[in-house]
Amino acid sequence: MGERRAWADKRDEIMSRPGAGAAYEAARVRFELGEAVRLRREELGLTQAELADRSGLKQPAVARFEAGGTMPTIPMLERLAEALEMRLSVQFQPLREAS
């Protein structure tokens, strides 16, 4: 059986592969968008089904989005923002300022 390695070592190995950084960044964006929608939905006391109805989506689509499983389009984000009684704001930040 192989030698066990620390997670940090394994992560460093994975991140050193070509394209890994871009894939990680895309996953981070999906996760953060999904989390923001879930938090706002819960703040409003809505179920996923109610948010789906308000935004013209299906409940499984809302669940996948909240879990970070899909990269949304701008029109989808606009529909979700309206359903969540919010305004969508998209911005670019210099890489050294982005977190």
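Structure shown above.
What you see is a predicted model, and the numbers here were worked out from it, not measured in a lab.

Draft legend 1. Geometry of the overall build of the protein chain. The helix and strand tally for the protein chain stands at 5 helices and 0 strands. When its helices and strands are written in sequence order, the protein chain yields α-α-α-α-α. On C-alpha atoms alone, the protein chain measures out to a radius of gyration of 17 Å, which is more than a quarter above the 13 Å that the 2.2 N^0.38 rule sets for 99 residues. A principal-axis box enclosing the C-alpha atoms of the protein chain has dimensions of 50 × 35 × 20 Å. In the protein chain, which comprises 99 residues, the proportion classed as buried is 23%. A fraction of 50% describes how many contacts in the protein chain between residues 6 or more apart in sequence connect residues 24 or more apart. Taken as a whole, the protein chain presents about 7600 Å² of accessible surface, with 55% of it coming from carbon and sulfur. Of the charged side chains in the protein chain, 16 are positive and 16 negative; the average position of the first set lies 4 Å away from that of the second.

Draft legend 2. Here's a closer look at unusual backbone geometry. Backbone geometry places Glu85, a non-glycine residue, at a positive phi of 60 degrees. Examined against the element boundaries, Glu85 turns out to sit in the segment after α5 (74–83). Under the relative-accessibility criterion, Glu85 is labelled exposed at 52%.

What counts, and at which threshold
Residues numbered from 1 in each chain as written. Predicted model: local features only at pLDDT ≥ 70, side-chain atom pairs only at ≥ 80, totals over all residues. Heavy atoms only, no water. Helix = DSSP H or I, 4+ residues; strand = E, 2+ residues; numbered from the N terminus. Rg over C-alpha atoms; globule rule 2.2 N^0.38 Å. Buried < 20%, exposed > 50% of the residue type's maximum accessible area, 1.4 Å probe, protein only. Contact = heavy atoms within 4.5 Å. Areas by Shrake-Rupley, 256 points an atom, 1.4 Å probe, with all protein chains shown as cover. Lys, Arg positive; Asp, Glu negative; His and termini not counted. Charge placed at Lys NZ, Arg CZ, Asp CG, Glu CD.

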